[in-house]
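In case you want the letters, here they are:
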Amino acid sequence: MSTRTRSPIIGSEVPRPPEKKMRLEGTVDESNVTKEDTNDSVLVVPRPSKKASKSAKRKQKRVLPEPYSSEDVLWRDIVALLGDDTVGHALQHGTEWDSPFDFRQEVEVEVSTLSSNGDALAHSPASSSPWVIVAPFALPGERIRVRVYRSSRLHSFADLLEVVSPNLDLRDDSRAKCRYFGQCSGCQYQMLSYDTQLGIKRNVVIKAYENFSNLPKETIPDVLPTIASPLQYGYRTKITPHFEAPPKKVRKEAESGSASSTDRPSWLKIGFNEIGKRTVLDIEECPIATPVLNAALGPIREDIIKNIWGYKKGVSLLLRDSIEHLPSDISSIPSPEDEKHICVTNHKETVRERVDSTYFEFPGHSFFQNNNSVLVPLTSYVKDAIFPSSKSFGPTHLVDAYCGSGLFSLMLAPHFDTVAGIELSAESIKSATANAIINRLPQGKCSFLAGDAANIFSTVSHFPPDKTALIIDPPRKGSDEPFIEQLVRFGCSTVVYVSCNVHTQARDIGMIIERMEREGGGRKYVLESLRGFDLFPQTAHVESVAVLRLV
């Protein structure tokens, strides 16, 4: 789970007095100097004060965000809100780090828009210099009261204290099904209608290609409506709650008998991160997790409480929804009553999932999409993109880069003569190979090779490029230049890029198109379609599918 938030609280709190700015210059205190002998004099060198040292360290931390990171995505949204002229003026005069707000200062602002990360963005009050307030759980048009807890480059992060004037056209707090919504960092959008969530996620894809693809606007197609998840709650097949080990002080008290070791300690929290804090929020149930996981979470929590004094360090738990056993006859889809699910908690234990009529096995720690309900629509969409109804023939060969346990390879195998999957993880290749056998695919139809995706095309050099489709489904960091160079050199007829990070996807798609125009000998890739998929309802996350066609 991810995300950040603190519960909106109505009430007064006395803010701390404004922190005084440190003065680095001044008279030399003789008690705080070192004396260095020179040839003819004594040089008095003032030692930096502790305050000056802390200030210098803060300045050293003023680094620009890593390109395409969530911080960089937020920065682009901030620039768009303030305007290029305002940002340029601040950068020119070196005032982009001069926050108009003190630590824990409370301020009332009106939300202008949502960031691609799901937070609300608001202009600072007119009485202050141009600045942006970033706060969770608020919506455009709402007037909110917030408390600043950290400042950065032309923006400050703040806790949401109160929604003074809610936007009732968007907000309906009765929609939220989690008692911890507004505190837990996992979900951002439970107060919104599902159609509104899908529209917001479409806009995230639009902005990503505007900000990161470096493509002319006219070459970017209209982003299609976001494909909905069949389940909006109870969909998540993997959760990782965590907790901390007993602090040294309370452990000593327990060992000395001054604290009861049988009662549940008040400091013990088993759950997910609290928004805006580095603390764990105690959570007994997660409504976006499957019923199987929630049923298992209670007994797991009880066991931890019972044995908490035996833990020497914090633990991140693993709960994965799994089919208990594969059916003896995999050719028929069992009814829900006949398909028993269990919760797997051992990262080395085998997890089993079914996507339509295809079965997958993989170790508990391995990657597999965490929303099973949307995998049939996703894989069907990818298949239809490769084989559009407007064409009477299509590719005969499929290359599945970053293939994992074989999701796309096996789901699409019936539509190709030959399939090759490439994955860096040898363990994933082992799972994919075993899954091909489990699903009784003809021997030799699917081959899975462990290797760097950067060397992928050397392993399929015998594939006919004009009859080959490529699926890319990389991790969040996206692809790299060596991979893209080989992709362009090989020249697959169709490329389908599935991404959990639309911003690195936009970067990579732009690089592929630009490099093919430069090196393709008259051929070029056209960005045929863009569409988001909602794999994580109630959150700000959106998966994106881009389709390239060689012309």
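Here the structure is a predicted model, which means the values were calculated and not measured. (Residues numbered from 1 in each chain as written. Predicted model: local features only at pLDDT ≥ 70, side-chain atom pairs only at ≥ 80, totals over all residues. Heavy atoms only, no water.)

Student: How would you summarise the sheet that holds strand E19 (residues 418-423) if you had to cite specific residues and measurements?
Tutor: Sheet architecture is open: 8 strands sit in the order E8-E23-E24-E22-E21-E18-E19-E20, paired in mixed fashion. Here the strands that pair on one side only, and so sit at the sheet edges, are strand E8 (224-227) and strand E20 (446-450). The mean inter-strand angle of the sheet, taken between neighbouring strand axes irrespective of direction, is 20 degrees. Pairing geometry for strand E21 (residues 468-472) and strand E22 (residues 494-499), over 4 bridges, is parallel. Bridge assignment links Ala469 to a residue of E22, and that residue is Thr494. On top of the sheet, helix H10 (residues 481-490) reaches strand E18 (397-401), E21, E22 and strand E23 (525-533); it is set at about 165 degrees to E21, its chief contact. (Pairing = 2+ DSSP bridges. Helix = DSSP H or I, 4+ residues; strand = E, 2+ residues; numbered from the N terminus. Axes fitted to C-alpha atoms, helices over the stretch in contact; angles between N-to-C directions. Contact = heavy atoms within 4.5 Å.)

Student: So what's going on with the sheet that holds strand E5 (residues 132-135)? Which residues, and what values?
Tutor: Each strand in a sheet pairs with another by means of backbone hydrogen bonds, the pair being arranged parallel or else antiparallel. Here 5 strands make up a closed barrel; going around it, the order is E3-E4-E5-E7-E6 and the pairing mixed. Across the sheet, the mean angle from the axis of one strand to that of its neighbour is 50 degrees, orientation sign disregarded. Relative to strand E7 (residues 155-165), E5 runs parallel, the two being bridged by 3 bridges. Within E7, the residue paired with Val134 across the bridge is Phe157. Along the sheet, helix H2 (residues 70-82) makes contact with strand E3 (106-114), strand E4 (120-123), E5 and E7, crossing E4 at roughly 35 degrees.

Student: Would you mind going over the pattern of salt bridges in detail, with residue names and values included?
Tutor: In total, this model carries 23 salt bridges according to the counting rule given. Between Arg352 and Glu361 there is a salt bridge whose closest N-O contact spans 2.9 Å. Taking relative accessible area as the criterion, Glu361 reaches 21% and is therefore assigned partly exposed. When the shortest N-O distance is used, the salt bridge between Lys383 and Asp384 registers 3.2 Å. (Salt bridge = Lys/Arg side-chain N within 4 Å of Asp/Glu carboxyl O. Buried < 20%, exposed > 50% of the residue type's maximum accessible area, 1.4 Å probe, protein only.)

Student: Which residues make up the side chain of Asp321, and what values do they have?
Tutor: Mapped onto the fold, Asp321 is located in strand E14 (residues 319-323). Buried and without a salt bridge, Asp321 has Arg320 as its closest oppositely charged side chain, separated by 9.2 Å. Engagement of the side chain of Asp321 in a polar contact is seen with the side chain of Thr290, the distance being 2.8 Å. In this structure, Asp321 is in contact with Thr237, Thr290, Val292, Leu293, His341, Ile342, Val351, Arg352 and Glu353, ignoring residues within four places of it in sequence. (Lys, Arg positive; Asp, Glu negative; His and termini not counted. Polar contact = N/O pair within 3.5 Å; in protein donor to acceptor, adjacent residues only side chain to side chain.)

Student: Help me get a handle on the side chain of Asp508, residues and values and all.
Tutor: Tracing the backbone shows Asp508 in helix H11 (residues 502-519). Apart from the residues within four sequence positions on either side, Asp508 is in contact with Gly478, Ser479, Ile484 and Tyr497.

Student: Run through the packing of aromatic side chains, naming residues and quoting values.
Tutor: Given two aromatic rings, one states the distance between the centres and the angle between the planes to describe the pair. Evaluated as defined, the whole model comprises 12 aromatic pairs. With a centroid separation of 5.5 Å and an interplanar angle of 55 degrees, the aromatic rings of Tyr68 and Phe212 are classed as tilted. In this pair, Tyr68 is assigned in the loop between helix H1 (50-60) and H2 and Phe212 in helix H4 (residues 194-212), connecting sequence segments 144 residues apart. According to the relative accessible area criterion, Phe212 is buried, its value standing at 5%. By way of ring pairs, the aromatic residues Tyr402, Phe457, Phe483 and Phe490 are connected into one cluster. Just above the ring of Trp75 sits the side chain of Arg153; from NZ or CZ to the centre is 4.3 Å. Sitting over the face of the ring of Tyr68, Arg507 holds its NZ or CZ atom 4.8 Å from the ring centroid. (Phe/Tyr/Trp six-rings, centres within 6.5 Å; stacked < 30°, edge-to-face > 60°. Lys NZ or Arg CZ within 6 Å of the ring centre and 35° of its normal.)

Student: Provide a residue-level description of helix H5 (residues 248-256), including the pertinent values.
Tutor: In an α-helix, one turn spans 3.6 residues, which is why side chains three or four residues apart end up on the same side. Residues of H5 that are buried include every one of Val250, Arg251 and Ala254, and no others. In a view along the axis of H5, the buried residues occupy a sector of 105 degrees, so they form one face of it. Exposed side chains of H5 directed beyond 90 degrees from the buried face belong to Lys248, Lys249, Lys252, Glu255 and Ser256. (Arc of directions from axis to C-beta.)

Student: Describe the packing of H4 against H11, with residues and values.
Tutor: Following both chains from N to C, one finds H4 and H11 inclined at 45 degrees, their axes separated by 8 Å at the closest point. With respect to their mutual orientation, H4 and H11 come out oblique. Regarding H4 and H11, the two cross each other, and that crossing is right-handed. Contacts between H4 and H11 involve Val204, Val205, Ala208, Tyr209 and Phe212 from the first element and Val502, His503, Gln505, Ala506, Arg507 and Ile509 from the second. (Parallel < 35°, antiparallel > 145°, perpendicular 65-115°, else oblique. Left-handed = near helix turned anticlockwise from the far one by under 90°.)

Student: Provide a residue-level description of the pairing of strand E6 (residues 143-152), including the pertinent values.
Tutor: Burial within E6 is extensive, with 7 of its 10 residues counted as buried. Pairing of E3 with E6, which is carried by 5 bridges, proceeds in the antiparallel orientation. Among the inter-strand pairings, Glu108 is bridged to a residue of E6, identified as Arg145. Looking at chain direction, E6 and E7 are connected through 9 bridges and run antiparallel. Looking across to E7, one finds that Val148 is bridged to Ala158.

Student: Outline the confidence of the model for the protein chain, listing residues and values.
Tutor: A residue-level look at the protein chain finds 87% of positions with pLDDT of 70 or above and a mean pLDDT of 89. Counting contacts from residues 1-47, a segment whose pLDDT is below 50, to residues more than four positions away or on other chains yields 91 contacts. (pLDDT = per-residue confidence, 0-100.)

Student: Describe the pairing of E4, and please don't skip the residues or the numbers.
Tutor: In this structure, E3 lies alongside E4, joined through 3 bridges in antiparallel fashion. Residue Leu114 lies in a different strand from E4, and its bridge partner there is Ala120. Pairing between E4 and E5: 4 bridges, direction antiparallel. In the sheet register, His123 faces E5, and the bridge partner there is Val132.

Student: Describe unusual backbone geometry, and please don't skip the residues or the numbers.
Tutor: Here Arg104, not a glycine, exhibits a phi torsion of approximately 70 degrees, which is positive. Tracing the chain through its elements places Arg104 in the loop between helix H3 (84-93) and E3. For Gln538, which is not glycine, the phi dihedral falls at a positive 80 degrees. Turning to its location among the elements, Gln538 is positioned in the loop between E23 and strand E24 (543-550).

Student: Kindly report on the state of the cysteines, identifying the contributing residues and their values.
Tutor: By the definition in use, this model includes 0 disulfides. A disulfide-free cysteine, Cys178 has its sulfur positioned 6.2 Å from the sulfur of Cys184, the nearest such atom. For Cys178, a relative accessible area of 16% gives the class buried. (Disulfide = S-S within 2.5 Å.)

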